[in-house]
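Coordinates in review
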Amino acid sequence: MRRLVSCVLLLSSFALAPGCATYNQDLDRARSHYEANRFEQALALFRVLEHDMDSFSVPERAQYAYLRGMTDYRLADLAPQGTGVADPRKGYRDNARHWLGLAAAIEKQTPGGITSEQKGRLTETLADLNRDVYGGAETLPEGAAPGAAAQPDAAPASPAESPEPSAPTL
């Protein structure tokens, strides 16, 4: 009986070993779809792998998040324009921002998962996506607090200098 149990455990460990390799193979396959501009196929694989992200090493998680975000970003450009809540472009851009932000956070905490070329692309793409959320018309002066507004050239008139409002005539 003891021998049977050990054989079953040994065989089950061999059966489970390819499962781990499958996640890496799927990530590689999704990467090749992304690099071949087959973004729909890449996204389908990324969505399947999402629930198994904890099976990846930290550098593989950074790669997953980077590739997933860039895939959504590319799909946003290809999606038809919608309106309001039903705008697929906005949905793709929101997802891209989420995944690229996650990739940047992983890379910041544990460097080495993203190449220098990918880091540059990540920074540029996140800046573009952040303009959707924070706007892009104003830039803060160096060292200014994020909540501070830009100072206008002319100071507004004080209340004592402003003319009295005229009374309405009846």
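For the structure, check the block above.
Scope of this entry: the structure provided in the associated data block.

Basis of the calculations
Within each chain, residue numbers correspond to sequence positions counted from 1 in written order. For this predicted model, a pLDDT threshold of at least 70 governs which residues receive local features, and a threshold of 80 or more governs which side-chain atom pairs are given and counted, while totals over whole chains, interfaces and linings are taken from all residues. Heavy atoms from the whole structure form the basis of all side-chain values; hydrogens and water molecules are not counted. Secondary structure follows DSSP: runs of H or I at least 4 residues long count as helices, runs of E at least 2 residues long count as strands, and numbering of each begins at the N terminus. We call a residue buried when its accessible area falls under 20% of the maximum for its residue type, exposed when it is over 50%, and partly exposed in between, using a 1.4 Å probe and counting protein chains only. When charges are tallied, Lys and Arg are placed among the positive residues and Asp and Glu among the negative ones, while His and the ends of the chain are skipped. What makes a salt bridge here is a side-chain nitrogen of Lys or Arg within 4 Å of a carboxyl oxygen of Asp or Glu, nothing more. Whenever a nitrogen or oxygen atom comes within 3.5 Å of another N or O atom, the pair is scored as a polar contact, on the condition that within protein one atom can donate a hydrogen and the other can accept it, and that pairs from neighbouring residues in sequence are kept only if both atoms are in side chains. When checking whether two residues touch, look at their non-hydrogen atoms; a contact exists if any pair is within 4.5 Å. Within this scheme, the nonpolar core is defined by two criteria: the residues are buried Ala, Val, Leu, Ile, Met, Phe, Trp, Tyr or Cys, and they are joined through side-chain atoms within 4.5 Å. Working rule for helices: expected span equals 1.5 Å times residues minus one. Directions are taken from the helix axis to each C-beta atom, and the arc is the one they span.

1. Structural notes on the side chain of D87
- Note that D87 resides in the loop between α3 (58-78) and α4 (88-109).
- R89 provides the closest opposite charge to the buried, unpaired D87, separated from it by 5.5 Å.
- Among the polar contacts listed, one links the side chain of D87 to the side chain of Q81, at a separation of 3.2 Å.
- Sequence-distant contacts of D87, defined by excluding residues within four places in its chain, comprise P80, Q81 and G82.

2. Section: the nonpolar core
- Counting residues in each nonpolar core, the largest one holds 28 residues, and the members touching the most others are F46, Y64, Y66 and L100.
- Sorting the residues of this core by element identifies α1 (2-35), α2 (39-49), α3, α4 and α5 (116-134) as the ones contributing at least two each.
- When residues in this core are grouped by element, the largest group, 8 residues, is from α3.
- Leaving out residues up to four positions away in the same chain, F46 has contacts with L27, A30, Y64, L67, R68 and T71.

3. Looking at α4
- Relative to the 32 Å expected for 22 residues at 1.5 Å per residue, α4 spans 32 Å between its end C-alpha atoms, a close match to the ideal helical length.
- All of the buried residues in α4 are R93, A96, W99, L100, A103, I106 and E107. Angularly, the buried residues of α4 cover 155 degrees about the axis, an arc narrow enough to put them on a single face. Summarising the geometry of α4, the exposed residues directed more than 90 degrees from the buried face are K108 and Q109.
- For α4, the elements touching its buried residues are α3 and α5.
- For α4, the side-chain oxygen to backbone nitrogen distance between the N-cap and R89 is 3.2 Å, and the N-cap itself is D87.

4. Examining the environment of G112
- Turning to its location among the elements, G112 is positioned in the loop between α4 and α5.
- Sequence separation between G112 and V58 is 54 residues, and the spatial gap between their C-alpha atoms is 9.1 Å.

5. Structural notes on the side chain of H33
- Its place among the elements puts H33 in helix α1.
- When near neighbours in sequence (up to four residues on either side) are disregarded, H33 contacts R38, F39, Q41, A42 and L45.

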